[in-house]
Amino acid sequence: MSALFTGRYRELLLDLLRLPSVNPLETGPDEPPSRLPQLLERYAAAAAEAGFRTVRLAAPPAGCLDRPGVPATVRAAARDPRFLAGQPSLLLRLGPERARTDTVMFNVHLDTVAGHTPPDFDGSRFTGRGAVDAKGPATALLAGLATAAAHPAVGRDVTVLVQAVAGEEGGALGTYGTRPLMEAGHHGRLNVFCEPTGLRALPRATAAMTARITVAGEDAVDDHPDAGHNATVLLGFLAQHLAARLDGAVPGARVCVAGLHTGHTHNRVHGTGTLLLNLSYRTTADGDRLKSALTRQLTDGLDRFAELFGAGREFARTARDAARITRLGWDKQGLPALDNRDPWAESLLARAGARSPADEPGFTCDAVWAAGLEDAFTVVLGPGDLAANRAHAPGEFVDLADLEDFARVVHRLVTSFAEELRPPVGRDEPPTAGPR
């Protein structure tokens, strides 16, 4: 088979890299404004050349934020009506609307994190923000689907859906991009979330919750530090205590002790501040255990702080009032985690060229919104590696060879799905277990 990631797709990827699409929750003062709507229009136009029809290109409904699990940061940002208006998602379809048993769905996000990296292609490597996460995978996806569309059964006997979404980055976790599309039924018997996995077919995705520990005390001047509450010392102590106690508290869970902020001035005791922790987990039950462990260890940490600093001079007031002035809140919580199995789908993926993940842990992405789907299998699959390809870091890149490999996997996966489809069943009958 000749190359699938041809010159037209190389130009498409460069176009996408040139169009900034930083998630508004990530945007800093030096970031160019997002042009995500124009980017999605460019993507839809390229998909149309392969026979895909645009089913929907619109901002998410405002009501999607009135749901459990929506991060507090998203709710706050959406008070500005321009936030959701500038964050549309795109739904493409090849073939008529069919039963989910006859449908394969691909999801890819086209928003990025902040941090401009000049777009470039040196003949073998693309560089730029979103190169591997996930504009490169999005373009390779189209290259593979365009070739698969030439198969007579693709579009005739099976339908292919593509969700090209906003709201994956910035901690939004798909709550206004992927989640509304999934809940509207735009998914299939096989669902592929395109993320950098080194072409390993991960049947799992962790979910994450963000704890915000707030100290609301009183400031003091530097000449009398004992007169106020020292949020810096208290939160610094709690950061170390929680880091030590939560590490390994729930097997498989990951604890990221993130930002700690109290103030910038040197001649003052800062009485207020916040500490953020991002906690990822493999199963919903693990998430519940991790939340309980954090709550318990925070109480223990406050007791230990009071014991350690209560007899001193400068921090006695902080120690005495630590439990009263410290509050635990949640920027996000209650999100589902994905962990599914399906021997038929796993065999299909292996024959298409996807690699076995063995016991490799998953990571947090929009695939969590496919958790619990009946008669369906969901996999996270894509080219490159989040760490090795410097996703979310300066110099983000993806290699042409990896994009070509992913396009070929997509082509084989879709055509194999079509060839193994069961004979059509009556639409009033319950869905079958899937293609043979």
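Look above for the structure.
Starting from 1, residues in each chain are numbered consecutively following that chain's sequence as written. In keeping with the model being predicted, local features are shown solely for residues with a pLDDT of at least 70 and side-chain atom pairs are shown and tallied solely at 80 or more, while totals for entire chains, interfaces and linings include all residues. Based on all heavy atoms of the structure, the side-chain values leave hydrogens and waters out of the count.

### Observations concerning the sheet that holds strand E4 (residues 120–121)
Note the following rule: Strands are labelled as partners when DSSP assigns at least two bridges between them. Put simply, DSSP H or I for four residues or longer makes a helix, DSSP E for two residues or longer makes a strand, and each gets a number counted from the N terminus. By definition, residues are in contact when any of their heavy atoms lie within 4.5 Å. To get an axis, a line is fitted to the C-alpha atoms, and for a helix only the part in contact is used. The angle between two axes follows their N-to-C directions and goes from 0 to 180 degrees.
Spatially, E4-E5-E17 is the arrangement adopted by the three strands of the open sheet, whose pairing is antiparallel. The sheet terminates laterally at E4 and strand E17 (397–399), the two strands that pair on one side only. Pairing analysis gives two bridges linking E4 to strand E5 (residues 125–127), with the strands arranged antiparallel. Its bridge partner being in E5, Asp120 is matched across the sheet by Thr127. Sheet strands in contact with helix H1 (residues 7–18) are E4 and E5, and its direction is about 15° off that of E5.

### Focus: the pairing of strand E6 (residues 159–165)
The test is simple: Each residue's exposure class comes from its accessible area (1.4 Å probe, protein chains only) as a fraction of the maximum for that residue type: buried when under 20%, exposed when over 50%, partly exposed otherwise.
With respect to burial, E6 is a largely interior element, seven of its seven residues being buried. Neither face of E6 is exposed, since Thr159, Leu161, Gln163 and Val165 on one face and Val160, Val162 and Ala164 on the opposite face are all buried. Examined bridge by bridge, strand E2 (residues 89–94) and E6 share five bridges and lie antiparallel to one another. Paired with Arg93 across the strands is Leu161, a residue of E6. The pairing of strand E3 (residues 103–109) with E6 spans seven bridges and is parallel.

### Observations regarding the side chain of Glu195
Locating Glu195 in the fold gives a position in the loop between strand E7 (190–193) and strand E8 (204–205). If we skip the residues at most four places from it in the chain, Glu195 touches His109, Asp133, Glu168, Phe363, Cys365, Val380, Leu381, Gly382 and Pro383.

### Describing unusual backbone geometry
A cis amide bond, omega 5°, links Asp133 with the succeeding residue Ala134. With respect to the helices and strands, Ala134 occurs in helix H5 (residues 131–148). If you check the backbone angles, Leu199 has positive phi at about 65° while not being a glycine. Mapped onto the elements of the fold, Leu199 is located in the loop between E7 and E8. The buried category is assigned to Leu199, whose relative accessible area is 6%. Of note in the backbone geometry, Arg390 takes a positive phi value of approximately 60° without being a glycine.

### Regarding the pattern of salt bridges
Selection rule: Here a salt bridge means any side-chain nitrogen of Lys or Arg lying within 4 Å of a carboxyl oxygen belonging to Asp or Glu.
Summed over all chains, the structure comprises 23 salt bridges. Among the salt bridges present, the one from Arg268 reaches Asp219, with a minimum N-O distance of 3.6 Å. Highlighted residues: Arg268 in strand E12 (residues 268–269) and Asp219 in the loop between strand E9 (207–216) and strand E10 (220–221), separated in sequence by 49 residues. In this structure, Asp321 and Arg317 form a salt bridge, with 3.7 Å as the shortest nitrogen-oxygen distance. Residue Asp321 and its partner Arg317 are located together in helix H9 (residues 316–325), separated by four residues, close to a single helical turn. On the accessibility criterion, Arg317 (18% relative accessible area) is buried. Among the ionic contacts, a cluster of salt bridges with common partners joins Glu218, Arg317, Arg320, Asp321 and Arg324.

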